[in-house]
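# Structural overview
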Amino acid sequence: MTVENFILGLDGQQKAIVSFLHQRLVNHHDLIPKIRFNIPMYYRKSWVCYLNPIKKNGIELAFLKGHQLSNDQGLLRSKDRKMVAGVDLFDVSTIPERDIDEIIQEALLLEEITKHKH
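Residues numbered from 1 in each chain as written. Predicted model: local features only at pLDDT ≥ 70, side-chain atom pairs only at ≥ 80, totals over all residues. Heavy atoms only, no water.

### Here's the deal with the pattern of salt bridges
- Considering all chains together, one arrives at six salt bridges under this definition.
- Between R24 and D101 there is a salt bridge, with its nearest N and O atoms 2.8 Å apart. Here the residue R24 occupies a position in helix α2 (residues 12-28), and D101 occupies one in helix α3 (residues 97-113), the gap between them amounting to 77 residues.
- We classify D101 as buried; its relative accessible area is 19%.
- Across the salt bridge formed by K79 and D88, the nearest N and O atoms sit 2.8 Å from each other.
- Under the relative-accessibility criterion, K79 is labelled partly exposed at 41%.
- Exposure remark for D88: the relative accessible area of 32% places this residue in the partly exposed category.
- Bridged by salt links that share partners, the residues E60, K79, R81 and D88 form one connected network. (Salt bridge = Lys/Arg side-chain N within 4 Å of Asp/Glu carboxyl O. Helix = DSSP H or I, 4+ residues; strand = E, 2+ residues; numbered from the N terminus. Buried < 20%, exposed > 50% of the residue type's maximum accessible area, 1.4 Å probe, protein only.)

Rendered as structure tokens:
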């Protein structure tokens, strides 16, 4: 399955949010999309984030190393997870684009300075 097919299978705000975030992650941040665990995940050298449908027609933009991010924007929630933190989004028109971009940039910077096993 491709991310585009995943998006086509969604409805309403979930479809709009995933479509918007997918375009932003791929086109503005040069991340590579791949379906893993039946959801869209994004990487460069390692996995950076994923888009996960949640209840009430929302989408969580989750960062795999979210616990290491500054959360200066106050948007990230760990939901009792040890490493992952994410932002729940429910309407494409209310996505805080600048804040989301800052979080993505910080996650990419963290990914750049992290040693990767080859």
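Now that the structure is up, let's keep going.
### Re the nonpolar core
- Residues L25, C49, L51, L61 and F63 are the most contacted members of the largest nonpolar core, which totals 29 residues.
- Elements that contribute at least two residues to this core include exactly α1 (3-8), α2, β3 (47-54), β4 (58-63), β5 (85-89) and α3.
- When residues in this core are grouped by element, the largest group, six residues, is from α3.
- Apart from the residues lying within four places of it in its own chain, the contact partners of L25 are D30, L31, Y42, C49, L51, L61 and I104.
- With five residues, the next largest nonpolar core counts I39, M41, A62 and V84 among its residues. (Core = buried A, V, L, I, M, F, W, Y, C linked by side-chain atoms within 4.5 Å. Contact = heavy atoms within 4.5 Å.)

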